[in-house]
Amino acid sequence: MKLLISSLALFVFAATTAFAGTIDPSQEEHLTNKRYAQCPKPPQQKVNKSAEPKLEKGFVPLFENGSIEGWVPRGGTCTFELIEGELVGTCDPGSDSTYFSSPREDYGDFILTFEFKWDVMGNTGVQFRSFVNEKGSVAGYQCEIDPSDRGWTGGIYNQSLDGWKYPLWMTEHNPVRENLKKDGWNRVTIRAKGNVIETWINGYGATHLENDERSTGLFAFQIHKGKEGKVRWRDLKIKELK
C-alpha cells in the first residue's frame, strides 16, 4: 500500500511539474536570430504541464461595473472602445504602440482570463505586472498575442525592457500553435503567483516562467504600431490570489 501511494504521488508530481522540453524543428530558424539570443532554451526553459485553473469561482470583472472609466491609453494614438461588453482596440497607422492601462498599478498575484479575436490581423498583447516608464508609455511583462506563422501566442515578452522571456519554440508548444484560431475566439488564462508565471491558450499549457524581476503592477491592452490591426477582447475577469 505504501508503495502504491508513493507511486501515485510521484505520478501526480510528474504530471503537474514543469520539465525541460526540446526545440521544434519548425522553430530552429529563430535560434540563429540575434534578437532571440538572450531567450531561455532547454533545459533551462521549462514546459507548463499544469492544468488550466478552474475559472468559475472567485472571479470578478476586470472592468468594474462594466465601465472603462479610469483606464488610460498610453504611448500612442491607437483607439480603444467598449462596445456591447467587448473591448475593441484599433490600430492608428503611424502611431506608436498604444497601451490601454488600468487605473490600479498594484495588482500582485492573480489569475486573469479572457477571450480575444482578430477582426484585422495585427500584433497585440496584454501587459501585467507592468509600469509607466519615463516616456509615458508602458513597460513590463506582456502575454504575447502573435498572428504570425511563428505562433508565439501565450509567450512572455518583457516590453520595452530586455525582450523575450519565454518564447514558444519547443515541440511541447505545438498544441498551442495548432489550436490557435485566427478567425475565431481564443481563451487566454494567465496565472502569476510569487515568481511563477504560467499561461494557457484554449486550455493548452504555454508558458512556465520563473522570474523575480517584478511582483506587482498594472494591466494594459496593447495595440502594436503598424499599418493595420483590430482586436476584440471579451469575458475579462480576474481572481486576485492571497
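Now for a quick tour of the structure. Predicted, not measured: the structure shown is a model, and the values here were computed from it.

Analysis parameters
Throughout, residues of each chain are indexed from 1 in the direction in which the sequence is written. Reporting of local features is limited, given that this is a predicted model, to residues whose pLDDT is at least 70; pairs of side-chain atoms are given and counted only at 80 or more, and all residues count toward the totals for whole chains, interfaces and linings. Calculation of side-chain values draws on the structure's entire complement of heavy atoms; hydrogens and water are dropped beforehand. Per the convention used, a helix needs a DSSP run of H or I reaching at least four residues, while a strand needs a run of E reaching at least two, with both numbered from the N terminus. Two cysteine sulfurs form what is called a disulfide whenever their separation falls within 2.5 Å. A side-chain nitrogen of Lys or Arg and a carboxyl oxygen of Asp or Glu constitute a salt bridge if their distance falls within 4 Å. Under the scheme applied here, a residue whose accessible area is under 20% of the maximum for its type counts as buried, over 50% as exposed, and between as partly exposed, the area being computed with a 1.4 Å probe on protein chains only.

### Some details on unusual backbone geometry
And then number 1: Across the junction of Pro42 and Pro43, the peptide omega takes the value 5°, indicating a cis bond.
And then number 2: Along the chain, Pro43 turns up in the loop between helix H1 (2-16) and strand E1 (60-61).
And then number 3: Phi at Arg129 takes a positive value of approximately 45°, unusual for a residue other than glycine.
And then number 4: Within the fold, Arg129 resides in strand E7 (residues 124-132).
And then number 5: Positioned with a positive phi, Asn202 is a non-glycine residue whose angle comes to about 50°.
And then number 6: Within the secondary structure, Asn202 sits in the loop between strand E12 (196-201) and strand E13 (204-210).

### Thoughts on the state of the cysteines
Linking two cysteines covalently through their sulfur atoms gives a disulfide.
And then number 1: Going through the model one piece at a time under the given rule, you end up with zero disulfides.
And then number 2: Residue Cys143 stays outside any disulfide, its sulfur separated by 15 Å from that of Cys39, the closest cysteine.

### A few points about the pattern of salt bridges
Side-chain pairs of opposite charge can arise whenever the charged atoms involved come near each other.
And then number 1: Summed over the entire model, instances satisfying the criterion amount to 14 salt bridges.
And then number 2: Arg187 serves as the salt-bridge partner of Glu52, at 2.7 Å between the closest nitrogen and oxygen. Here Glu52, found in the loop between H1 and E1, pairs with Arg187, found in strand E11 (residues 186-193); they are 135 residues apart in sequence, far enough to count as distant.
And then number 3: For Glu213, the salt bridge is made with Arg214, and the minimal N-O distance between the two is 3.7 Å.
And then number 4: What makes Arg214 buried here is its relative accessible area of 15%.
And then number 5: Salt bridges sharing partners connect three or more residues here, namely Asp162, Lys165, Glu213 and Arg214.

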